[in-house]
Amino acid sequence: MNNTQDKAKKTISVMIPTYNEEENARPIYEAVRDELQKSCPAYDYEILFIDNKSTDRTRSIIEEICARDKHVKAIFNSKNFGQFNSPYYGMIHTSGDCTITICADFQDPVELIPKFVAEWEKGYKIVIGKKTRSRENPVMYFLRGCYYKIIRKMSSVEMIEQFTGFGLYDKSFIQTLRDLHDPTPFIRGIVAELGPERKEIEYEQPRRRAGKTHNNLYTLYDAAMLSFTSYTKVGMRLATFLGFGIAMVSFVVALFYLVAKLLFWQSFTAGYAPMMIAVFFMGGVQLVFLGFLGEYVMSMNARVMNRPLVIEEKRLNFDADGQV
């Protein structure tokens, strides 16, 4: 059997998460389909949309696409399950020999698909896109860069800078994701922690094609906290060390005031300023680390409850038994 015949048996899955992407759903489908047919003609393919309870026309557009093209499948979530659970769930429900994740807003270049596949055929089980520049909001790009650098320094696991999850994953790694049963998955950390040797392909992130981005400071904070609670101990360790340090400093200051009061009790008047400063400082430190502790507790609570990643409302173009 020659190499071309062997490739013909392989299927490429492309997973596209959506949320209120009515302006992008059809164009991204057409772009991915055309790129696969043009650049990867020796492969079969499937395109899987997973919609996170869109409130616009996204779902009706996806339904129209599924009705016309049996290469396209869809999963509709019963509610919005967040920016991490939904794409992860979509990944583990693909059936191809490899799975490519790509955003619907065209900020993940479709043109990189054949490059990913070429590196996969060389033997890499994971091929990821790594941003070197971005045409998005410069403030958000700067904040993302700061976040990546901080989490990389604080984490015990090597974190990948400027990696959003855009990439190709071999079916063996997809099976690893299925076996994890993690109710709060963070794919960027999982790739760094559990993934085999990977190939990184650099690219410049273009602007969003249409519509309004759903990423903001809150979603960035959400990602940061999931990273901290899943892959670092630095929050609680910092609280311990800082608490010990403040306790030692407080003891020294208290000893100084005691000696000064005993030796110069008539002329020594410190006033209330040092006490008020200390109270407010300690109160602020305590609130910060109570917040850190709360994030860790919430993360543990989510894992202990072991709730499903998402609840499906409907799926389209899957087999009768619901399998891919």
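Reference entry: report on the structure contained in this document. Just so it is clear, the model here is predicted, and its values are computed rather than measured.

Structural notes on unusual backbone geometry
Among all residues save glycine, negative phi is the norm, and among peptide bonds the norm is trans. Phi angles above zero are rare outside glycine, and Phe-106 is one such case at about 70°. Assignment of secondary structure puts Phe-106 in the loop between strand S4 (98–101) and helix H5 (113–121).

Looking at helix H7 (residues 171–180)
Turning to H7, its buried residues number three or more, namely Phe-173, Ile-174 and Leu-177. Angularly, the buried residues of H7 cover 105° about the axis, an arc narrow enough to put them on a single face. Those residues of H7 that are buried are in contact with helix H4 (82–91), S4, strand S5 (126–134), strand S6 (167–170) and helix H8 (187–194). Remark: His-181 follows H7 within two positions and exhibits a positive phi of approximately 55°.

Concerning the packing of aromatic side chains
Taken as a whole and assessed by the stated rule, the structure comprises four aromatic pairs. Taken together, Phe-116, Phe-166 and Tyr-203 form an aromatic cluster joined through their ring pairs. Above the plane of the ring of Trp-120 lies Lys-10, whose end atom (NZ or CZ) is 5.1 Å from the centre. Sitting over the face of the ring of Phe-318, Arg-315 holds its NZ or CZ atom 4.2 Å from the ring centroid.

Considering the packing of H7 against H8
Interhelical geometry of H7 versus H8 gives an angle of 115° and a closest axis separation of 12 Å. As summarised for this structure, H7 and H8 are arranged roughly perpendicular, according to the angle between their axes. Pair H7 / H8 crosses with right-handed handedness. Together, Phe-173, Leu-177 and Leu-180 of H7 and Ile-187, Ile-190, Val-191 and Leu-194 of H8 make up the contact between the two elements.

Comments concerning the environment of Phe-81
With respect to the helices and strands, Phe-81 occurs in the loop between strand S3 (72–77) and H4. Sequence separation between Phe-81 and Pro-308 is 227 residues, and the spatial gap between their C-alpha atoms is 10.0 Å. Setting aside chain neighbours within four positions, we find Phe-81 in contact with Asn-52, Leu-309, Val-310 and Ile-311.

As for the pairing of S3
Here S3 lies mainly inside the structure; six of its six residues are buried. Residues Val-72, Ala-74 and Phe-76 line one face of S3 and the alternating positions Lys-73, Ile-75 and Asn-77 line the opposite face, and both faces are buried. Here five bridges tie strand S2 (residues 44–51) to S3, and the two strands are oriented parallel to one another. Counterpart to Asp-51 in the pairing with S3 is Phe-76.

Concerning the sheet that holds strand S8 (residues 312–316)
Within the open sheet, the eight strands sit side by side as S7-S5-S6-S4-S1-S2-S3-S8. Their pairing is mixed. At either margin of the open sheet sits one strand with a lone partner, and together these are strand S7 (198–205) and S8. In this sheet, neighbouring strand axes are inclined to one another by 20° on average, regardless of whether the strands run parallel or antiparallel. Note that S4 and S6 share four bridges and pair antiparallel.

Looking at helix H3 (residues 58–68)
Three or four residues apart is the spacing at which side chains of an α-helix point the same way, because the helix has 3.6 residues per turn. Along H3, the residues that are buried comprise Thr-58, Arg-59, Ile-61, Ile-62, Ile-65 and Cys-66. One side of H3 holds all its buried residues, which, seen down the axis, span an arc of 160°. Facing away from the buried side of H3 by more than 90 degrees, the exposed set consists of Ala-67 and Arg-68. Buried residues along H3 sit in contact with strand S1 (11–18), helix H2 (25–39), S2, S3 and S8.

Here's the deal with the side chain of Glu-46
Tracing the chain through its elements places Glu-46 in strand S2. For Glu-46, a relative accessible area of 4% gives the class buried. Within the structure, the side chain of Glu-46 is placed 2.9 Å from the backbone nitrogen of Ser-95, a separation counted as a polar contact. Among all residues touching Glu-46, those that are not within four sequence positions of it are Thr-11, Ile-12, Ser-13, Val-14, His-71, Lys-73, Thr-94, Ser-95 and Gly-96.

Regarding the nonpolar core
Ile-12, Ile-16, Val-32, Phe-49 and Val-117 are the most contacted members of the largest nonpolar core, which totals 37 residues. Breaking this core down by element, the ones donating at least two residues are S1, H2, S2, H3, S3, S4, H5 and S7. Examining the composition of this core, we find that five residues originate from one element, H2, more than from any other. Excluding residues that lie within four positions of it along the chain, Ile-12 makes contacts with Leu-36, Cys-40, Tyr-43, Asp-44, Tyr-45, Glu-46, Cys-98, Ile-100 and Val-117.

Describing the pairing of S4
Side chains of S4 alternate between two faces, with Cys-98 and Ile-100 and Thr-99 and Thr-101 buried alike. When S1 meets S4, the two strands line up parallel, connected through four bridges. For Ile-12, the partnering residue across the bridge sits in S4 and is Cys-98.

Regarding the packing of H2 against H3
Helix packing geometry: the angle between the two helix axes and the distance between the axes. It is at 9 Å that the axes of H2 and H3 come closest, and there the two elements cross at 35°. Each of Ala-25, Arg-26 and Tyr-29 in H2 lies in contact with H3, whose residues at this interface are Thr-58, Ile-61, Glu-64, Ile-65 and Arg-68. Tallied by class, the residues present in the contact of H2 with H3 amount to four nonpolar, one polar and three charged.

Rules behind the numbers
Residues numbered from 1 in each chain as written. Predicted model: local features only at pLDDT ≥ 70, side-chain atom pairs only at ≥ 80, totals over all residues. Heavy atoms only, no water. Helix = DSSP H or I, 4+ residues; strand = E, 2+ residues; numbered from the N terminus. Buried < 20%, exposed > 50% of the residue type's maximum accessible area, 1.4 Å probe, protein only. Arc of directions from axis to C-beta. Contact = heavy atoms within 4.5 Å. Phe/Tyr/Trp six-rings, centres within 6.5 Å; stacked < 30°, edge-to-face > 60°. Lys NZ or Arg CZ within 6 Å of the ring centre and 35° of its normal. Axes fitted to C-alpha atoms, helices over the stretch in contact; angles between N-to-C directions. Parallel < 35°, antiparallel > 145°, perpendicular 65-115°, else oblique. Left-handed = near helix turned anticlockwise from the far one by under 90°. Pairing = 2+ DSSP bridges. Polar contact = N/O pair within 3.5 Å; in protein donor to acceptor, adjacent residues only side chain to side chain. Core = buried A, V, L, I, M, F, W, Y, C linked by side-chain atoms within 4.5 Å. Nonpolar A, V, L, I, M, F, W, Y, C, P; charged D, E, K, R; others polar.

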